[in-house]
Amino acid sequence: MTIQTIATTPIDDQKPGTSGLRKKTRVFMQPGYLENYVQAIFDGIGGVTGKTLVIGGDGRYYNDSAIGIILRMAAANGVARCIVGQRGLLSTPAASNLIRKRRADGGLILSASHNPGGVDEDFGLKYNGPNGGPATEAVTAQIYARTMDISSYRILEADAVQIDALGESHLGDMAVEIVDPVSDYAELMEELFDFGAIAGLFSGGFRMCFDAMHAVTGPYAREILENRLGAPSGTVVNGTPSPDFGGGHPDPNPVWAKALMDVMYGPDAPDFGAASDGDGDRNMIVGAHCYVSPSDSLALLTDLAHLAPGYSGGLAGVARSMPTSAAADRVAEAKGIAHFETPTGWKFFGNLLDAGKVTICGEESAGTGSDHVREKDGLWAVLLWLNILAVTGKSVAELMAEHWGRYGRNYYSRHDYEAVDSTVANALIDNLRARLDKLPGQSAAGLTISGADEFAYDDPVDGSTSTGQGIRIYFEGGGRAVFRLSGTGTEGATLRVYLERIESEPDALAQDPQAALASVIAAADAVAEITNRIGRTTPDVIT
Ligand code: VG1
Ligand code: CO
């Protein structure tokens, strides 16, 4: 077997500051394209000689071919051992767990998360570091720098190594270890949660519907919910990973998981519903006739996590991304624990978790997780909810009503405008930024603006600063609108508008969020000139 060194040239495709690369699958399939980025990662992290890497993906189209290329490149670059999920599958949280458990030097996760899959859809690749979490901003910057001055990549000329059967083989001098993608993760869940109590729920007739959305969590959910916890077979639906996720978007929100929402709001609704995304790191929680917004879910879990054995000692603190509602902050304040506000993206939680400053983290985009791994973890959130339901004996709707009664309610919604012309989207943000100083005191659709700024984050652990993390507009009366552009889309720009209003009047706690937010929605449109600039009157996705 010979090692080939193949000339290549810089490709300016990775957005600086974002973890990993997401592109159309056909872009990744161009000769040498994936190879170019993999070599940039290997070089950007300071070489991989003698290292151990964990490799797996969400099973989307091109997953196994890409793993074949990555393995031949890892061997050519001197990697000592690759630990690969059987058939190329590993959910993002399971990969994070394996990196930590096996003390690997890092991992490569093949996923474009919630983006659709297929030859004409999206593919992605991200690097996670030795703590099991997304590459830090500093490492991401090194990888980006390498994409701009790369001149060659190394690959072993060899037949594809089989990844379908468990066991160990060799590729050149490198060991290739194929592991069960589920068992280590399921073991970790058994350590954190009271499986006996949850099994008791199911044996008592509690009914659940888990929609795996044809993505990677199917095998995990079947093993944990149906095999280990005794939920009836059929509790997990769409549980076989498919290369195009059954033609849908594996994005667990009321829009893309509408089939589950219909079941949960139907006449014979089960007690509990949940869904997760392409790579298994996000979750949607819905009770019978009761959707729980991710921001509220984070607040409730912060309040009641101590009911599960893994968190019985209480929480060190909680962190949320800036656009996430402040509901969790109020729980933290009431409990006297620390709370932190970080930029969007899980990588910012890593330092806080590593330093022991927080135990639980979450984002409005349906990512929730804890210090058990260094990624958000969809099934973890589902199991923590189940543990709380089992211990309290209450329904989701009862728990939420009690929560809002105690802490008040942060009405919350995100409006996404997708595939917007990038020039138009950037101009909208630039225009807001240029007016920030003048906005306070002005009126927008009847609301008075009380403050405006652009979020920047000083990491309390490593001292680094991240700027340009979203424009915030505050309104008198407790409303807030946040504007930022997505870093994960693959077509044009996606404008995300995050809307929030706090309510503590008991009579007003059970409104529809869109109605409760109407004044903030109108003010956000007026201040940012969304309709005028984008030429659309309604968002593409409302969550
Ligand atoms: C989105 C979400 C963000 C999340 C990120 C990655 O980013 O808003 O909260 O961390 O996806 O999640 P953006 O830049 O498009 O808003 V995942 O499940 O795609 O790994
Ligand atoms: Co994801």
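Our subject is the structure listed above.
Our subject in this report is the structure included herewith.

Cut-offs and rules
- Along each chain, the written sequence defines residue order, and numbers are assigned to residues from 1.
- A letter from A marks each chain and a number from 1 marks each ligand, given out in the order of writing.
- Given that the model is predicted, a residue must reach a pLDDT of at least 70 before its local features are reported, and side-chain atom pairs must reach 80 or more before they are shown or counted; all residues, however, enter totals for whole chains, interfaces and linings.
- In computing side-chain properties, one takes all heavy atoms of the structure into account and sets aside hydrogens as well as water.
- Only protein chains enter the area calculation, which uses a 1.4 Å probe; residues under 20% of their type maximum are buried, those over 50% are exposed, and those in between are partly exposed.
- Numbering of helices and strands runs from the N terminus; a helix is a DSSP stretch of H or I covering at least four residues, while a strand is a stretch of E covering at least two.
- Strands were regarded as paired on the criterion that DSSP finds at least two bridges between them.
- Orient the strands so they point away from the viewer, and a crossover whose first-strand-to-second-strand path over the helix runs clockwise is right-handed.
- Here a residue is near a molecule or strand as soon as one of its heavy atoms is found within 4 Å of it.
- Only Asp, Glu, Lys and Arg are considered charged, only Ala, Val, Leu, Ile, Met, Phe, Trp, Tyr, Cys and Pro nonpolar, and every remaining residue, Gly among them, polar.
- Contact criterion: two residues are considered in contact whenever any of their non-hydrogen atoms come within 4.5 Å of each other.

Moving on, we get to the pairing of strand β15 (residues 317–321). The buried fraction of β15 amounts to 5 of the 5 residues, a majority that puts the element mostly inside the structure. In terms of strand pairing, β15 meets strand β16 (residues 338–342) through 5 bridges, oriented parallel. Within the sheet, the bridge partner assigned to A319 lies in β16 and is F340. Handedness of the crossover is the feature at issue here: the chain leaves β15, passes through helix α11 (residues 327–335), returns alongside β16, and the resulting connection is right-handed.

By nearness alone, 19 residues border ligand 1, and S113, S365, S486, T488 and R496 come closest of all. Along the lines of polarity and charge, the residues of the shell around ligand 1 split into no nonpolar, 8 polar and 11 charged.

Next up on the list: the environment of A419. Tracing the chain through its elements places A419 in strand β19 (residues 409–420). By relative accessible area, which is 44% here, A419 ends up partly exposed. Taking the C-alpha atoms as reference points, A419 and V482, 63 residues apart in sequence, are found 19 Å from one another. Apart from residues no more than four positions distant in its own chain, A419 is found in contact with E491, A493, T494 and R536.

Even without glycine at this site, M213 takes up a positive phi of about 55 degrees. Mapped onto the elements, M213 comes out in the loop between β10 (208–211) and α8 (217–228). One non-glycine residue with positive phi stands out, namely N238, at about 50 degrees. Within the fold, N238 resides in the loop between β11 (236–237) and α9 (258–264).

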